[in-house]
Amino acid sequence: MNDISQMRTVFDKHEPLDIKTMPDSPVKLFEQWFELARHTEHLAEPNAFVLSTANHAGRLRTRTVLLKYFDHHGFVFFTNYHSQKAHDISENPQVSVCFPWYPLQRQLLIEGRAEKISQAESLKYFASRPKESQIGAWVSQQSQVIDSRQLLIDKAKQLAQRFAGKSVPLPDFWGGYRIRPTRFEFWQGQPGRLHDRIQYTTTELDDKVLDDSTIWEKQRLSP
Ligand SMILES: Cc1cc2nc3c(=O)[nH]c(=O)nc-3n(C[C@H](O)[C@H](O)[C@H](O)COP(=O)(O)O)c2cc1C
């Protein structure tokens, strides 16, 4: 029996959002929502977000990555610089992000431009990773077709021997991207499908580095 059409939830977890009392900075509000998400039971991987990229031809691709830190300048994740997403970003830096916090009856959307962080900044994070993950970064030619899983296991073993008792260097094909946001949307379910949607936009130009003095416009969108 297929009863998917009858699956629905009453969205009643939160008081309606009041645009007047919401912070002027979407980064501040992100922080508040993130703090709640990370302390919510049964909300797996609160720092995971769905990242969509488009290549020069407009072909879209979507996958999950992990947020590692954020501030007024942007939201940072780490990946392989030869991966499909990296190719897409090199052709078109515009990206779209969704944090799907369903147990909270919330989603948080961000649009912006992704740019590589410096090698020194990547190294700082890489050095903090467990050795197994550092070796994993070396092993994987992310997004390439491979013949078998065994190839990965063998390569990981070889590299573990090579780096035994030594620190693992940062691969030059691995590092972080900072997403510099130009739009946020805070979505929160409400009864009767009268959901809250508050967007923050900034018209500040792409080449201006965003910071805590950035001026954001707040608007309510129809659900
Ligand atoms: C929960 C979760 C977290 C992930 N985190 C990352 C990440 O931080 N960085 C990354 O490169 N891939 C991460 N992945 C794997 C990506 O979804 C994806 O398979 C990989 O980056 C290759 O994507 P691409 O071929 O589109 O470049 C994660 C997957 C899941 C399910």
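Computed from a predicted structure; not experimentally measured. (Residues numbered from 1 in each chain as written. Predicted model: local features only at pLDDT ≥ 70, side-chain atom pairs only at ≥ 80, totals over all residues. Heavy atoms only, no water.)

1. Structural notes on the overall build of the chain
- Check the secondary structure of the chain and you find five helices and nine strands.
- For the chain, the α and β elements follow one another from N to C terminus as α-β-β-β-β-α-β-β-α-α-α-β-β-β.
- For the C-alpha atoms alone, the extent of the chain along its principal axes is close to 60 × 55 × 40 Å.
- Looking at the chain residue by residue over its 223 residues, the buried ones come to 42%.
- Long-range contacts, defined as pairs at least 24 residues apart, comprise 67% of the intrachain contacts of the chain with a sequence gap of at least 6. (Helix = DSSP H or I, 4+ residues; strand = E, 2+ residues; numbered from the N terminus. Buried < 20%, exposed > 50% of the residue type's maximum accessible area, 1.4 Å probe, protein only. Contact = heavy atoms within 4.5 Å.)

2. A word on the side chain of His14
- For His14, the position within the fold is in the segment before helix 1 (26-38).
- Here Arg106 takes part through its side chain, which lies 3.5 Å from a polar atom of the side chain of His14.
- Those residues in contact with His14 that lie beyond four places of it in its chain are Leu36, Leu104, Arg106, Gln188 and Gln190. (Polar contact = N/O pair within 3.5 Å; in protein donor to acceptor, adjacent residues only side chain to side chain.)

3. So, the site of the ligand
- Every residue lining the ligand is accounted for by Arg63, Thr64, Val65, Leu66, Phe78, Thr79, Ser83, Gln84, Lys85, Gln142 and Ser143.
- Ser83 places a side-chain nitrogen or oxygen 3.5 Å from an oxygen atom of the ligand.
- Gln84 is positioned such that a nitrogen or oxygen atom in its backbone is 3.3 Å from an oxygen atom of the ligand.
- Within the complex, the protein chains bury 64% of what would otherwise be the 620 Å² of accessible surface of the ligand.
- Here the residues of the shell around the ligand are counted per class, giving three nonpolar, six polar and two charged. (Near = heavy atom within 4 Å. Areas by Shrake-Rupley, 256 points an atom, 1.4 Å probe, with all protein chains shown as cover. Nonpolar A, V, L, I, M, F, W, Y, C, P; charged D, E, K, R; others polar.)

4. Considerations on the pairing of strand 1 (residues 48-54)
- Counting buried residues in strand 1 gives six out of seven residues, a clear majority hidden from the surface.
- The pairing of strand 1 with strand 2 (residues 60-66) spans seven bridges and is classified as antiparallel. Pairing of Ser52 across the sheet is with Thr62, part of strand 2.
- Here strand 1 hands over to strand 2 after five residues, with Gly58 in that stretch at a positive phi of 90 degrees.
- Across four bridges, strand 1 lies against strand 5 (residues 94-101) in antiparallel orientation. By the bridge assignment, Val50 is partnered in strand 5 with Cys98. (Pairing = 2+ DSSP bridges.)

5. Some thoughts on the pattern of salt bridges
- Applying the stated criterion to the full structure yields ten salt bridges.
- A salt bridge links Glu35 to Arg38; the shortest N-O distance between them is 3.2 Å. In this pair, Glu35 and Arg38 are both assigned in helix 1, three residues apart and thus about one turn of the helix distant.
- Look at Glu35 and you get partly exposed, because its relative accessible area is 33%.
- The class for Arg38 is partly exposed, based on a relative accessible area of 47%.
- Overlapping salt bridges, with partners in common, bring together Glu111, Arg183, Glu185 and Arg197 in one network. (Salt bridge = Lys/Arg side-chain N within 4 Å of Asp/Glu carboxyl O.)

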